[in-house]
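A closer look at the structure
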Amino acid sequence: RRGAAFLDHFNFLDKSGALEALEKLRKENRELDTLITDAACLFALKGVTEMMNFVISRLLDRFIPTRLVFLFESPHDGRLSQFCFTNLKPSAPEFPEERYGPLKRFFLSSPYPIPYADLEARLGPQVLGGEVAALEPEFLFPMLGLDGLYGVALLGRKLVGDSYSEAERMYVDRIVRFLSIGIQNSLHREGAMIDSKTGLYNHAYFMRRLEQEVARTSRHRAQAGLVMLDVDHFKQFNDVYGHLAGDAVLAALAGALKATVRSEDVPAR
């Protein structure tokens, strides 16, 4: 009798749709748990490139898009970096940089994910050009933070399986939002350490590291090196050619230093 009663209850729940709703809820909970875990791993990373590569790896683990492109605009110099994958493999940058401006203006006024077909209909095919359409994007996701737009993610159609499910689109949207927050935190942290003109570490960060190195060498009876550089006749150069030219000299010198030192060294201004 108990078995029959249980079967009757099961059939009733099945016909009412309660079991289907319960399974859907369980699936949503699993998706949410995955998202929270991925967000925690993301926020544990410090560099922008590390964060980008992590998010790309998580997306590529879930589905295989024909193309996956992240456009990241550096807030320091406005330079546009591209992280591109074609059929799971890293590929050369393909997005025409001159087309990023219309995308940026659109997402600043309408900061929501959008299917590419809808975006093209609103802006017109001539604005984005055939080069963007050739990438076959299906969805675009803005990377927005408190300081504005950091970039745009382009998701191509799925290579295997049906079109993107609602859960998959929501995951991409949310992980891109978490990525934007992570980038924002990284940039604020970097801004507290980096000299804006040269890209070298600033004086405050250098002094902290110097104190740490003095303590380390004293504790381990080790040695450390300190090299100090000065640009000869720099004031005279500024007086003759102007401060903008002087800034360009400092930036060029800083670039040469960063290309020369080891990863564990601390080039600072």
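Preceding block: the structure.
Here goes a summary of the coordinates provided. Here the structure is a predicted model, which is why all the values come from computation and not from measurement.

Attention now goes to empty space enclosed by the protein. The final tally for this structure, using the stated rule, is one cavity of 30 Å³ or more. Taken as a whole, the largest cavity holds about 30 Å³ of empty space. If you trace the largest cavity, you find it lined by Arg67, Val69, Leu135, Pro137, Leu154, Leu155 and Gly156. Within the residue set of the lining of the largest cavity, elements represented by two or more residues are strand E1 (67–73) and strand E6 (148–156). Broken down by element, the lining of the largest cavity gets its largest block of residues, three residues, from E6. Its residues placed into classes, the lining of the largest cavity shows five nonpolar, one polar and one charged.

A separate point is the pairing of strand E2 (residues 80–86). Of all seven residues in E2, five are buried, a share of seventy percent or more. Examined bridge by bridge, E1 and E2 share seven bridges and lie antiparallel to one another. Note that in E2 the partner of valine 69 across the bridge is cysteine 84. Both E2 and strand E3 (residues 89–90) contribute to a ladder of two bridges, which runs antiparallel. The residue bridging threonine 86 from the neighbouring strand is lysine 89, located in E3. The loop that links E2 with its antiparallel partner E3 comprises two residues; one of these, asparagine 87, has a positive phi angle of about 50°.

Turning our eyes to something else, we now look at the nonpolar core. Of all hydrophobic cores here, the largest spans 30 residues; its most connected members are Leu59, Phe70, Leu179 and Ile183. Put simply, the parts of the chain that give this core at least two residues each are helix H2 (18–43), helix H3 (48–62), E1, E2, strand E5 (137–145), E6 and helix H7 (166–191). The biggest single contributor to this core is H3, with eight residues. Leave out the neighbours within four places in its chain, and leucine 59 touches Leu68, Phe70, Tyr171, Val172 and Ile175. Among the nonpolar cores identified, the runner-up in size contains 19 residues, and Tyr116, Leu119, Leu128 and Leu149 belong to it.

The rules behind the values
Residues numbered from 1 in each chain as written. Predicted model: local features only at pLDDT ≥ 70, side-chain atom pairs only at ≥ 80, totals over all residues. Heavy atoms only, no water. 1 Å grid on protein atoms, 1.4 Å probe; cavity = no way out; pocket = protein on both sides within 12 Å on 5 of 7 lines; lining within 4 Å. Points joined across faces, edges and corners; volume = space filled by probe spheres on them. Helix = DSSP H or I, 4+ residues; strand = E, 2+ residues; numbered from the N terminus. Nonpolar A, V, L, I, M, F, W, Y, C, P; charged D, E, K, R; others polar. Buried < 20%, exposed > 50% of the residue type's maximum accessible area, 1.4 Å probe, protein only. Pairing = 2+ DSSP bridges. Core = buried A, V, L, I, M, F, W, Y, C linked by side-chain atoms within 4.5 Å. Contact = heavy atoms within 4.5 Å.

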